[in-house]
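Structural features, examined
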Amino acid sequence: LLLLSGDRQRTGLVLDLSVAENLVLPEAARGGAEPVFRGGIMRTAELENAARAAIERFEIRAEPGDPARALSGGNQQKLCVARALRARPGVLVAVNPTRGLDLAATAAVREELRREARSGTAVLLISTELDEVLELGQRIAVLFRGRLLPVEPESRTRAAIGRRMLGEGAT
């Protein structure tokens, strides 16, 4: 299980660590994994290679050694997504994964989430962006006052979901 936090600055990144270090935090917490870690020791050249690959794949405007704090909000968000997808989790809980991204980056992140789901990862998307939910969701539900209200496949319209968000069917 891996959480892609909805708050990149408070819970998503360690802002004083580098882009590269943030990228491998989940691995480091588990004692490290090849090729970046060997016997629990971080291999600097492999870390830089992994960071450069993520920077290229997710079009993050940064260098591996840059502190996460120095990145724009959109680039911080792309770093969070890169880290989450690098971990290859069995279950990914993605909270507002495209928050702060431009249109091109939003489309790229959504495609990465679809690719991850096709590869077998269970992706639980929690989003305040209704268009994102409609585009990515296979099954949709609304959380209203602590109750989970399913949205039937034939009711997957903005209006029907909006009514659920206002509590229709919660009684």
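**Structural notes on the overall build of the protein**
Looking only at helices and strands, the protein has 8 helices and 7 strands in total. Out of the 171 residues in the protein, the part that is buried amounts to 43%. Long-range pairs, those at least 24 residues apart, make up 54% of the contacts in the protein between residues at least 6 apart in sequence. Carbon and sulfur atoms form 52% of the exposed surface of the protein, whose accessible area is close to 9,800 Å². Distance between charge centroids for the protein: 5 Å, based on 25 positive and 22 negative side chains.

**Observations concerning helix H6 (residues 103-118)**
The terminal C-alpha atoms of H6 lie 23 Å apart, and with 16 residues this matches the ideal 22 Å at 1.5 Å per residue to within 8%. If you check which residues of H6 are buried, you get Ala105, Thr106, Val109, Arg110, Glu112, Leu113 and Glu116. Angularly, the buried residues of H6 cover 155 degrees about the axis, an arc narrow enough to put them on a single face. Looking at H6, the residues exposed on the side facing more than 90 degrees away from the buried face are Leu103, Ala104 and Arg118. Structurally, H6 contributes buried residues whose contacts are with helix H4 (44-57), helix H5 (73-86), strand S4 (91-95), strand S5 (122-126) and helix H7 (130-136). For H6, the capping residue at the N-terminal end is Asp102, with a side-chain oxygen 3.2 Å from the backbone nitrogen of Ala104. Backbone geometry just after H6 places Gly120 at a positive phi near 115 degrees.

**Side note on the nonpolar core**
Ranked by size, the top nonpolar core spans 33 residues in total, and within it Leu4, Leu23, Ile60, Leu79 and Leu92 carry the most contacts. Contributions of two or more residues to this core are made by strand S1 (2-4), helix H2 (19-23), H4, H5, S4 and H6. In terms of residues, this core owes the most to one element, H5, which gives 6 residues. Contacts of Leu79, omitting those with residues within four sequence positions, involve Leu13, Val19, Asn22, Leu23, Ile60, Ala68 and Leu71. One finds Leu130, Val133, Ile140 and Val142 within the second-largest nonpolar core, a separate group that totals 6 residues.

Rules used throughout
- Residues numbered from 1 in each chain as written.
- Predicted model: local features only at pLDDT ≥ 70, side-chain atom pairs only at ≥ 80, totals over all residues.
- Heavy atoms only, no water.
- Helix = DSSP H or I, 4+ residues; strand = E, 2+ residues; numbered from the N terminus.
- Buried < 20%, exposed > 50% of the residue type's maximum accessible area, 1.4 Å probe, protein only.
- Contact = heavy atoms within 4.5 Å.
- Areas by Shrake-Rupley, 256 points an atom, 1.4 Å probe, with all protein chains shown as cover.
- Lys, Arg positive; Asp, Glu negative; His and termini not counted.
- Charge placed at Lys NZ, Arg CZ, Asp CG, Glu CD.
- Expected span 1.5 Å × (residues − 1).
- Arc of directions from axis to C-beta.
- Polar contact = N/O pair within 3.5 Å; in protein donor to acceptor, adjacent residues only side chain to side chain.
- Core = buried A, V, L, I, M, F, W, Y, C linked by side-chain atoms within 4.5 Å.

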